[in-house]
Structure formats: structure tokens, C-alpha cells
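Structure assessment
Residue strings, one per chain:
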Amino acid sequence: VVEKKLGEGGMGAVYLAHQRSMSRAVAVKTLRKELVDSDEFVDRFMREVQVATALSHPHIVTVLDFGQDTDGTLFLVMELLEGEELTTRLARGSMTAEEALLIAIQIASALEAAHAMSIVHRDLKPDNVFMLKMAGGGTFAKVLDFGIAKVLDSESKVTKTGMIFGTPEYMSPEQCKGVGVDHRSDFYALGCMLFEMLGGRTPFKADTPMALLLAHVSTAAPRPSSFGVSIDPNVEEFVMRLLSKEADDRPASATIVREILQKLLSNLEPAAAEVSAFSETRAFETV
């Protein structure tokens with residue numbers, strides 16, 4: 001039973017609903033009817049989402065059911081998440097390196113599970129990462145919309161209004177050029193997100209979506225430090241590697257991405273502990 005609308009985006013709307021059979025609250029996501037323009041599209045959507053429902057991972061939202069309503073509306077029934085989108089968190093400002101790396105590790109872990117099943121997200125962005133409210137605090141991210149992005153991307157084309165599928169701020173050069181996209185495109189998007197988490201802005205800004213696409217293709221990515229951001233040099237180097245124009249210059253797998261991020265985080269933790277201890281000592285001395 002649908003109770004109320006929770007939000008609306010470019011692909012459709014999300015509703016709060018009650019699943020009677022399990023006596024629990026769930027989220028129902030519907031796709032805009034204009035996206036459902038052929039039986040072939042619907043069939044492909046059903047196949048891809050069926051694969052996505054097989055994904056079981058702590059950092060990927062659980063899809064409980066899917067189908068098509070009598071009026072043609074495609075829908076997904078998902079676990080209900082409480083918290084906020086990463087977009088909302090970023091609107092409050094950049095993060096500490098520790099928080100940004102922890103979120104990136106969790107996203108990489110989700111990609112690791114998806115890529116193992118040959119599922120490429122293709123529209124990874126802060127809107128598709130949800131930050132759960134955790135008892136006692138802490139950071140716990142869930143990636144949304146695996147499967148949906150792939151089937152929509154396979155149908156993408158320039159429309160009469162000049163729109164294309166994807167989010168220009170986070171699209172890889174190969175995606176911008178409309179050539180073959182594989183799992184390494186997700187790493188580029190993760191690089192854009194990590195850049196934003198650390199620096200408070202995306203690597204490229206432009207007046208039009210087309211100008212953004214051209215920048216991803218032909219303009220060298222700036223360094224976060226060039227905007228006055230204080231960042232560990234090793235972290236910055238890895239961000240730049242993720243933002244490589246050529247997919248071959250990025251890490252070969254999500255496992256490698258996760259392991260490097262974990263190493264970077266572990267290297268930061270001793271320094272963070274020293275700063276904390278120093279601050280406590282100074283506070284004691286001033287009492």
C-alpha cells in the first residue's frame with residue numbers, strides 16, 4: 001500500500017509504502033513513463049533488474065521486488081533507508097580525508113561485488129549513494145540503482161532537447177564520447193566523487209552540459225590542491241589516477257581500488273591520532 005511520495009528525480013519518483021505480507025515499510029521507486037517506450041526496453045529492464053536483485057552486499061541497497069503496473073509503470077520495491085543522500089551531506093561542505101576515504105572504500109566494496117557479476121553502474125554519483133543513520137554515529141554508505149543505469153544507458157541517445165543519459169559532472173571520457181564503457185568507467189566517477197568529498201567541488205565546472213562533457217574528454221583534470229585544499233599527497237595522486245583520461249591508466253579492478261583506499265586510510269590514521277593527542281595535551285595545559 002503506497003502511503004506518500006518521498007522524493008522525485010530525473011528517472012522517476014520514490015514512495016513510502018507498506019508491505020502487508022511482511023508487515024514492514026518499504027520504498028517503491030517508479031520509472032517515468034516516457035522512459036518506457038518499447039516492449040524491448042521493458043524486457044531488457046526486467047532482465048537487468050532480475051540480475052541486480054541477486055546482488056547481496058551490505059553497501060548495496062536491497063531490491064525486494066520489481067514489476068510493471070497495469071498502466072505500464074515500471075517499479076522497484078526496495079528496503080527503506082533512513083538517513084540522507086551523499087548529495088545532501090556534501091551540501092554542508094567538504095569532508096575530512098578519513099570520512100571521504102571511508103565512504104570511498106564502501107563504494108568500492110559495492111562495485112567489487114557488482115563487477116564480479118558483470119554489472120557496471122554507469123551513473124555513479126552522490127545522488128545514488130545513501131548515507132544511513134547509524135546508532136552511535138559512524139559512516140555507512142549504500143549504493144543505489146544498480147541494473148537500472150545499465151539498461152537505461154543501453155537505450156541512451158541524444159533526444160530532441162539535446163539531453164543524454166548520465167550526469168555530466170561524473171561521466172567518464174569514454175562515456176562522454178559514446179564509446180564502449182566497462183567497469184573502469186565507474187572508477188572515474190568514483191574519482192570525481194572523491195575529489196568532491198575532499199575539495200567541496202567537482203573536478204570540472206562549465207556553463208553547459210556539453211561543455212562539461214568536452215572537459216572530461218579533452219581537459220586535464222585539476223588537482224584538488226590547486227583549489228587551496230589541504231590534502232595528503234598520496235591521496236591526491238590516487239584521485240588523479242582514478243581521473244585518468246584513458247581507462248587503461250586507471251586501476252584494473254574494484255578490488256585494487258578498495259585495497260589502495262584502505263592503505264591510504266591506514267596511513268592517515270596514525271597522523272590523525274597524533275593530532276588528536278596533541279590537541280588534548282594543549283587543552284590540558286591551558287586548564
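My aim in this report is to walk through the structure given alongside it, one point at a time. (Residues numbered from 1 in each chain as written. Predicted model: local features only at pLDDT ≥ 70, side-chain atom pairs only at ≥ 80, totals over all residues. Heavy atoms only, no water.)

**Focus: helix 3 (residues 97–116)**
Operational definition: Strands are runs of DSSP state E lasting at least 2 residues, helices are runs of H or I lasting at least 4, and numbering of each runs from the N terminus. An expected span of 1.5 Å times one less than the residue number is assigned to each helix.
The terminal C-alpha atoms of helix 3 lie 28 Å apart, and with 20 residues this matches the ideal 28 Å at 1.5 Å per residue to within 8%. Positive backbone phi, approximately 60°, marks Ser118, located one or two places after helix 3.

**Describing the pairing of strand 5 (residues 74–79)**
Our working definition: Note: two strands are recorded as paired if DSSP finds a minimum of 2 bridges between them.
Taken together, the five bridges between strand 3 (residues 24–31) and strand 5 define a ladder with antiparallel strand orientation. By the bridge assignment, Ala27 is partnered in strand 5 with Met78. In the sheet, strand 4 (residues 63–68) pairs with strand 5 via five bridges, with the strands oriented antiparallel. From the neighbouring strand, Gln68 faces strand 5, where its bridge partner is Leu74.

**So, the side chain of Thr202**
Our working definition: Contacts between residues were defined by any pair of non-hydrogen atoms, one from each residue, lying within 4.5 Å.
With respect to the secondary-structure elements, Thr202 resides in the loop between helix 6 (183–199) and helix 7 (209–218). Excluding residues within four positions of it along the chain, Thr202 makes contact with Glu169, Tyr170, Phe195 and Glu196.

**Comments concerning helix 6**
Stated formally: Partly exposed describes any residue whose relative accessible area lies between the buried limit of under 20% and the exposed limit of over 50%, with all areas from a 1.4 Å probe on protein chains only and scaled to the type maximum.
Its 17 residues give helix 6 an end-to-end C-alpha distance of 25 Å, which sits within 8% of 24 Å, the value for a rise of 1.5 Å per residue. The buried fraction of helix 6 amounts to 15 of the 17 residues, a majority that puts the element mostly inside the structure. With its phi angle positive at about 80°, Gly200 sits one or two positions after the end of helix 6.

**Looking at the sheet that holds strand 4**
Selection criterion: The axes used here are C-alpha line fits, helices contributing only the stretch in contact, and every angle between their N-to-C directions lies in the interval 0 to 180 degrees.
The antiparallel open sheet is built from five strands, whose spatial order is 1-2-3-5-4. The open sheet terminates on both sides in strands that have one partner only, identified here as strand 1 (2–8) and strand 4. Taking each pair of neighbouring strands and ignoring which way they run, the sheet shows an average axis angle of 25°. Relative to strand 3, strand 2 (residues 12–19) runs antiparallel, the two being bridged by eight bridges. Residue pairing in the sheet places Val14 in a bridge with Lys29 of strand 3.

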